[in-house]
Amino acid sequence: MDRGPTAKLRIVWGAGNNERYLGEEFFDGECDEKQRSQLQATFQLVADNGQCRIDTLYKYPLPYCGNLGEFKVHKKRLFFYRDGNDLVITHGATKKTGKTDPNDITRVERIEKEIKAREEQLKQSALRVHPQDRGKKR
């Protein structure tokens, strides 16, 4: 899997344990038409080029935050984490100050753990052999 800065990326919505896509809900409900259009253009730019050098639109990685980043338009932010070639958008927020709220970082990390734990559970359950299937040839 190519993890370089110019790799083709996929932008996806991520759902935590509550099975709600908070990033998508924020995008649809809190961003106006112009902001959604600007964010979609940034999604496409990043997906095609693996990066965007315009700090007013996209920031990855966030300082001291490893694989976390944000898409930006005015005071609206969509936070994400990178998993391979996927940028998983976890939630959105309207910034009140110039600095990233530490609660947003904590929230991205929590949702990332929830998603990865759910993926691992699904993987493990797919590997289990049900007692009625033991010994059967396929």
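Residues numbered from 1 in each chain as written. Predicted model: local features only at pLDDT ≥ 70, side-chain atom pairs only at ≥ 80, totals over all residues. Heavy atoms only, no water.

Enquirer: Would you take a moment to explain the pattern of salt bridges for this structure?
Expert: Side chains that differ in sign of charge can pair as their charged atoms come close. Applying the stated criterion to the full structure yields seven salt bridges. With its nearest N and O atoms 4.0 Å apart, the salt bridge here joins Lys8 to Asp48. You can see Lys8 sitting in the segment before strand 1 (10–13) and its partner Asp48 sitting in helix 2 (residues 33–49), a full 40 residues away along the chain. (Salt bridge = Lys/Arg side-chain N within 4 Å of Asp/Glu carboxyl O. Helix = DSSP H or I, 4+ residues; strand = E, 2+ residues; numbered from the N terminus.)

Enquirer: Looking at this structure, I do not really get the pairing of strand 4 (residues 76–83). What am I missing?
Expert: Two faces, one strand: in a regular strand the side chains alternate between the faces of the sheet. Of all eight residues in strand 4, seven are buried, a share of seventy percent or more. Hairpin geometry of strand 3 (residues 68–73) and strand 4 is characterised by an intervening segment of two residues between the two adjacent antiparallel strands and by a positive phi of about 55 degrees at His74. Where strand 4 and strand 5 (residues 86–94) come together, eight bridges link them in antiparallel fashion. Paired with Phe80 across the two strands is Ile89, which belongs to strand 5. (Buried < 20%, exposed > 50% of the residue type's maximum accessible area, 1.4 Å probe, protein only. Pairing = 2+ DSSP bridges.)

Enquirer: So what exactly am I meant to see when it comes to the packing of helix 1 (residues 22–30) against helix 2 here?
Expert: Helix-helix packing is characterised by the crossing angle of the two axes and by the distance between the axes. Between helix 1 and helix 2, whose axes approach to 9 Å, the crossing angle comes to 140 degrees. With respect to helix 2, the element helix 1 is oriented oblique. Every residue of helix 2 that contacts helix 1 at Phe27, Asp28 and Glu30 is listed here: Gln35, Arg36, Leu39, Gln40 and Phe43. Residues belonging to the contact of helix 1 with helix 2 are distributed by class as follows: three nonpolar, two polar and three charged. (Axes fitted to C-alpha atoms, helices over the stretch in contact; angles between N-to-C directions. Parallel < 35°, antiparallel > 145°, perpendicular 65-115°, else oblique. Contact = heavy atoms within 4.5 Å. Nonpolar A, V, L, I, M, F, W, Y, C, P; charged D, E, K, R; others polar.)

Enquirer: Can you help me understand the packing of aromatic side chains in this one?
Expert: Any pair of aromatic rings gets described here by the distance separating the centres and the angle formed by the planes. Scanning all chains against the criterion turns up eight aromatic pairs. Taking the centre distance of 5.1 Å and the plane angle of 40 degrees together, the rings of Phe71 and Phe80 count as tilted. Pair check on accessibility: Phe71 and Phe80 agree, each one buried. Taken together through their ring pairs, the aromatic side chains of Trp13, Phe27, Phe43, Tyr58, Tyr60, Phe71 and Phe80 make up a single cluster. (Phe/Tyr/Trp six-rings, centres within 6.5 Å; stacked < 30°, edge-to-face > 60°.)

Enquirer: For this particular structure, what's the right way to read the environment of Gly98?
Expert: Summarising the element assignment, Gly98 is placed in the loop between strand 5 and helix 3 (102–127). C-alpha separation for the pair Gly98 and Lys75, spaced 23 residues apart in sequence, amounts to 9.0 Å.

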